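Here are the chains, one letter per residue:
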Amino acid sequence: MSDFFQTGAVATLHRLGQPNIGRLEAELEQFAQETPIALVLPCHVRELGTKALRLIVRELKGVRYLKQIVIGIDGATRARDWQRARHMFGHLPQKPILLWNDGPRLRRLFETLETSELSAGPGGKGRNVWMCFGYVLASEQARMVAVHDCDIVTYQRELLARLCYPVAHPSLGFDFCKGYYARVTDKLNGRVMRLMVTPMLRALKSMLGLHPYLVYMDTFRYPLAGEFSLDVDLVRRLRIPHDWAVEIGTLAEVFRNAAPRAICQSELCENYDHKHQELSPRDAEKGLNKMAVEITRSFFRLMAAEGIKLDAGLFDTLLSTYLRQAEDTLRFYEADSAINGLSFPRHEEEKAVATFVRSIQVAEKAFLEDPLWTPPIPNWNRVQSALPTFFDELNEAVRADNE
């Protein structure tokens, strides 16, 4: 059983006692009559046929409260890959709609955006989610949207129900819900979150004080979680990055566009696991190293946008302060592992921290050279204002691809 401690900055909805999935789903079916729910699944073609995706499809077959399932397919550069994707998701009784992001029709729409100076950036999870959001808005079927990844190897319907419930419930008053969970096997997982993001946030708080944005970000138990749900009006206003930093960027946009009382985090499941990436300590263009660089660089840009002054002196102090925080964190996790009988590969953990120090250095240098970097994708309100017929064109392109 989880604790029920509230941090105070945003509401935390815990998973207490034995879960009653039947009750949650029955109530969601009632809520969905007033608040139709869309599920967005960003999917890469390499995930087709995996054990994780087969499990997700099997679990989703029994979900009756969804009005719409929208799946963005990245990496399908060949027609046969697109057909594989259609066949994979064709087993769902909800008749999902697929977006062929690398198909000729959607490529033309991306070119239209580029020509109109509304670039959606290069392909990536963020762009995939953003385009799916656009289709949800264009089709006008849903009043809220839930998002989760397609590589969850421990997926159960409870995860989706607990993700949708806070926003779908008519009287709880939440516009945004972020998922969180434990990530444990025979050891503690989630190295980027445990050993970089949280120690870096706390290092910055010790240096800069209780800045509202830093307090907000440190409130979330798993800010890198790919699972979130939100009201469709909030969808229209969000600007999100196109790359690995989509989760951090989304939280920053919610901070700007929603009141704290309308934001919550929900514990989704007992344990969570997905595919694991290599650390790639020697290559900042691969694996967790690349992820750490992109997340940190995006985080610096978001801090600057909140009025926090970032310069070479602050960055020099940050490296030392982060390293001290990370070392303390290692000791805490070693103790947590010991009392729970888990393995704690101390050398691997130390190596990850050393890698993340270099990731932060790469991100610092890149930020100082180009503070604006790649701007987030424009929000859908701006696109609709600049290109009034874009939603009609998107609807038609998706319809033609799905015929």
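In this report, the structure presented in the accompanying data block is examined.

### Considerations on the pairing of strand E6 (residues 176-180)
Moving on, step 1. Burial analysis of E6 places five of its five residues in the buried class, the great majority of the element.
Moving on, step 2. Alternating positions in E6 separate into two faces, Phe-176, Lys-178 and Tyr-180 on one and Cys-177 and Gly-179 on the other, with burial throughout.
Moving on, step 3. In the sheet, E6 pairs with strand E7 (residues 228-231) via three bridges, with the strands oriented antiparallel. The residue bridging Cys-177 from the neighbouring strand is Ser-229, located in E7.
Moving on, step 4. Pairing between E6 and strand E8 (residues 263-267): five bridges, direction parallel. Residue pairing in the sheet places Phe-176 in a bridge with Ile-263 of E8.

### Let's talk about helix H11 (residues 287-305)
Moving on, step 1. In a regular helix each residue adds 1.5 Å, so 19 residues correspond to 27 Å; H11 covers 28 Å between its end C-alpha atoms and thus fits that length.
Moving on, step 2. Within H11, 16 of the 19 residues are buried, leaving the element largely enclosed by the surrounding structure.
Moving on, step 3. Downstream of H11 by a residue or two, Gly-307 has a phi angle that is positive, lying close to 90 degrees.

### Comments concerning unusual backbone geometry
Moving on, step 1. Phi is positive for Lys-95, close to 50 degrees, though the residue is something other than glycine.
Moving on, step 2. Inspection of the secondary structure assignment puts Lys-95 in the loop between helix H3 (79-89) and strand E4 (97-100).
Moving on, step 3. What makes Lys-95 exposed here is its relative accessible area of 71%.
Moving on, step 4. In this structure, Glu-140 is a non-glycine residue whose phi angle is positive, near 55 degrees.
Moving on, step 5. Of note, Glu-140 is situated in the loop between helix H5 (125-139) and strand E5 (144-147).
Moving on, step 6. The exposed category is assigned to Glu-140, whose relative accessible area is 69%.

Rules and cut-offs
- Residues numbered from 1 in each chain as written.
- Predicted model: local features only at pLDDT ≥ 70, side-chain atom pairs only at ≥ 80, totals over all residues.
- Heavy atoms only, no water.
- Buried < 20%, exposed > 50% of the residue type's maximum accessible area, 1.4 Å probe, protein only.
- Helix = DSSP H or I, 4+ residues; strand = E, 2+ residues; numbered from the N terminus.
- Pairing = 2+ DSSP bridges.
- Expected span 1.5 Å × (residues − 1).

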